[in-house]
Amino acid sequence: MILRLIASLAMIATLAAPASAQDRRLPASPTELRLSYAPVVQKAAPSVVNVYAAKVVENRNPMMDDPFFRRFFGGGPGGTPREQVQRSLGSGVLVDASGLIMTNNHVIEGATEVKVSLADKREFEAEIVLKDARTDLAVLRIKDGRERFAAIELGNSDELQVGDVVMAIGNPFGVGQTVTHGIVSALARTQVGISDFQFFIQTDAAINPGNSGGALVDLGGRLIGLNTAIFSRSGGSQGIGFAIPVNMVKVVLASARTGGTSVKRPWLGAKLQAVTPEIADSLGLKRPVGALVATVTEKSPAARGGLKTGDLIVAIDGQTVDDQNAFDYRFATKALGGSAQLGIVRSGKEAKLSVALESAPETPRDELVIKARSPFMGVKVANISPALADELRLDASAEGVIVLEVADGSLAQNLGFRPGDIIAAVNNEKIERTRDLERAAKDSVRRWAITIVRGGQQISVTFGG
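Small disclaimer: the values here were computed from a predicted structure and weren't measured.

Undergrad: Which parts of the structure should I look at to understand the overall build of the chain?
TA: For the chain, the count of helices and strands is twelve helices and 25 strands. Taking all contacts inside the chain whose residues are at least 6 apart in sequence as the whole, residues at least 24 apart take part in 59%. Of the accessible surface of the chain, which amounts to about 24,300 Å², a share of 51% is contributed by carbon and sulfur atoms.

As structure tokens, then:
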């Protein structure tokens, strides 16, 4: 009698629920409580792999610089090796039957050798197809391309709701493939700080070191996220894990499938800023919401679409934009080609604009390393293009050449140059291209007056020759 009453109440609750929640309900009987997740695991687990990455690093002892001590610190036979191999362990997910694997960029960063182990214990060598530090995603390919592998089905992370049951599959602590389950604890988490696109799925499914790059799946066995980080004070799971939404994974995968070495994503051509409570008050908003347009680049999709400084973006293709991070994610996950409709507020009135979905224009970067004896000796620089500015999160109006790398122990490093610095002028001469800097570095002068832009701030420095 009691069971029939419970079942009746459950049916009434289901009928009264909104249509969007028809497939989400509490168990109606003890029989349903005995249901198992095994069919979901059997469907998804064969697609999850272990990723083993190795890189060679120099094991340098500073006393090696002294001939007297060198004999005691590896200078002779049997001494300490100058190089050692560092190994890292993570997880990955087969997303294409040809052997394409998605994982985290931090799992394989700097690796000179990558191997993957399938769920059936077979091991294969893999090559790195594409790395995208901005999303912390990377694409691998199994070198043995003669076999068809068990690829996972890709879901739609936009359909997730807080409270949905999910499972995490990976290789925590190297113990072997492990499945944990929990719920979606939150969506659109933006304060994680591990990639440019701050829009993570939060889950309480246990995620531990080694799970990075593993699968977060729904009850249909579909991939809905790539596990990437945890919040922990102990190093182990404390019920707060984060996954990159699969809709962002699809963008990176699409670039890899077309043979690209970098990710092509839509370029807006406008700088956005967060809406603070003070800005919200000045705009007459009830709460701080949306993304405020700070600047618009000439001839960009934003400019051609009619977007102006001071506009407040509140929606994209009908989806609400809560903040700048939400817009960045929504816009970046749009497919190239066609257009996106932006909902804006301008001077207190709502309007809609159409913005073309196209990638940032690329111009020759002309990368080179400055070798001449000068303050720039040891820097690797490149010309700034809209594509590079977008990739490095620079102001699109930036002028000069960008420092990509600074060699360890170089004169430039000793003088304080850093990757990301923009060299704008040398001895009162404007630097527009890398060849301008190369030519300036060859001058025999006793005094160097240099203008650089760092973090948006212009700095003038002077060095002796």
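Undergrad: When you look at the pattern of salt bridges in this model, what are you seeing that I'm missing?
TA: Should the charged atoms of two oppositely charged side chains come close, the side chains can pair. Counted according to the given criterion, the structure contains 22 salt bridges. For Lys115, the salt bridge is made with Glu113, and the minimal N-O distance between the two is 3.9 Å. Overall, Lys115 belongs to the partly exposed group, its relative accessible area being 32%. Connected through salt bridges with shared partners, the residues Asp120, Arg122 and Glu147 form a single ionic network.

Undergrad: Sorry, what's going on with the pairing of strand β14 (residues 291-296) here?
TA: When a strand is regular, its side chains alternate between the sheet's two faces. Pairing analysis gives five bridges linking strand β13 (residues 270-274) to β14, with the strands arranged antiparallel. Residue pairing across strands places Leu272 opposite Val293, the latter belonging to β14. Pairing analysis gives two bridges linking β14 to strand β15 (residues 312-316), with the strands arranged antiparallel. Directly across from Leu292, in β15, lies its bridge partner Leu312.

Undergrad: Help me out: how do you make sense of the nonpolar core in this one?
TA: Most often, soluble globular proteins have nonpolar side chains that are buried together. Ranked by internal contacts, the top residues of the largest apolar core, which has 34 residues, are Val95, Met102, Leu137, Val139 and Val217. The dominant element in this core, judged by the number of residues it contributes, is helix α6 (residues 246-257), at seven residues. Discounting chain neighbours no more than four positions away, the residues touching Met102 are Gly92, Val93, Val95, Leu137, Ala138, Val139, Gly213, Leu226, Val249, Val252 and Leu253. Counting residues in each nonpolar core, the second largest holds 20 residues, with Ile370, Val379, Val426 and Ile431 among its members.

Undergrad: Would you explain α6 in this entry?
TA: Compared with the 16 Å implied by 1.5 Å per residue over twelve residues, the 16 Å span of α6 between its first and last C-alpha is a close match. Summarising burial for α6: nine of the twelve residues are buried, a large majority. Within two residues after α6, Gly259 carries a phi angle of roughly 85°, on the positive side.

Undergrad: Whenever I open this one, unusual backbone geometry confuses me. Can you help?
TA: Excluding glycine, most residues fall at negative phi; most peptide bonds, likewise, are trans. Of note in the backbone geometry, Ser347 takes a positive phi value of approximately 55° without being a glycine. Summarising the element assignment, Ser347 is placed in the loop between β17 (339-346) and β18 (349-356). Taking relative accessible area as the criterion, Ser347 reaches 77% and is therefore assigned exposed. Phi at Asn427 takes a positive value of approximately 50°, unusual for a residue other than glycine. Mapped onto the fold, Asn427 is located in the loop between β22 (422-426) and β23 (429-430). On the basis of relative accessibility, which here comes to 25%, the residue Asn427 falls in the partly exposed class.

Undergrad: Sorry if this is basic, but what is going on with the pairing of strand β20 (residues 379-383) here?
TA: Taking burial as the measure, the five residues of β20 include four buried ones, the bulk of the element. In this sheet, β20 lies alongside strand β19 (residues 368-369) in antiparallel orientation, the contact comprising two bridges. Bridge pairing links Val369 to Lys380 in β20.

Undergrad: What's the story with the environment of Asp120 in this structure? I'm lost.
TA: You can see Asp120 is positioned in the loop between β4 (113-117) and β5 (123-132). Each C-alpha atom, one on Asp120 and one on Val49, is 9.3 Å from the other, the two residues being 71 residues apart in sequence. One polar contact links Asp120 to Arg122, side chain to side chain, over a distance of 3.0 Å.

Undergrad: In this structure, what is going on with the packing of aromatic side chains? I would like to understand it.
TA: Working definition: an aromatic ring pair is given by the centre-to-centre distance plus the angle between the planes. Evaluated as defined, the whole model comprises six aromatic pairs. With 5.6 Å between their ring centres and 85° between their planes, Phe124 and Phe149 make a pair best called edge-to-face. Of this pair, Phe124 sits in strand β5 while Phe149 sits in the loop between β6 (137-142) and β7 (165-170), and the two are 25 residues apart along the sequence. With respect to class, Phe124 is no different from Phe149; both count as buried. For the ring pair Phe417 and Phe463, a centre distance of 6.4 Å and an interplane angle of 50° mean the geometry is tilted. You can see Phe417 sitting in the loop between α11 (411-414) and β22 and its partner Phe463 sitting in strand β25 (residues 457-464), a full 46 residues away along the chain. Judged by its relative accessible area of 6%, Phe417 is buried. A relative accessible area of 17% means that Phe463 is categorised as buried. Pairwise contacts between aromatic rings join Phe376, Phe417, Trp448 and Phe463 into one cluster.

Reading guide: rules and limits
- Residues numbered from 1 in each chain as written.
- Predicted model: local features only at pLDDT ≥ 70, side-chain atom pairs only at ≥ 80, totals over all residues.
- Heavy atoms only, no water.
- Helix = DSSP H or I, 4+ residues; strand = E, 2+ residues; numbered from the N terminus.
- Contact = heavy atoms within 4.5 Å.
- Areas by Shrake-Rupley, 256 points an atom, 1.4 Å probe, with all protein chains shown as cover.
- Salt bridge = Lys/Arg side-chain N within 4 Å of Asp/Glu carboxyl O.
- Buried < 20%, exposed > 50% of the residue type's maximum accessible area, 1.4 Å probe, protein only.
- Pairing = 2+ DSSP bridges.
- Core = buried A, V, L, I, M, F, W, Y, C linked by side-chain atoms within 4.5 Å.
- Expected span 1.5 Å × (residues − 1).
- Polar contact = N/O pair within 3.5 Å; in protein donor to acceptor, adjacent residues only side chain to side chain.
- Phe/Tyr/Trp six-rings, centres within 6.5 Å; stacked < 30°, edge-to-face > 60°.

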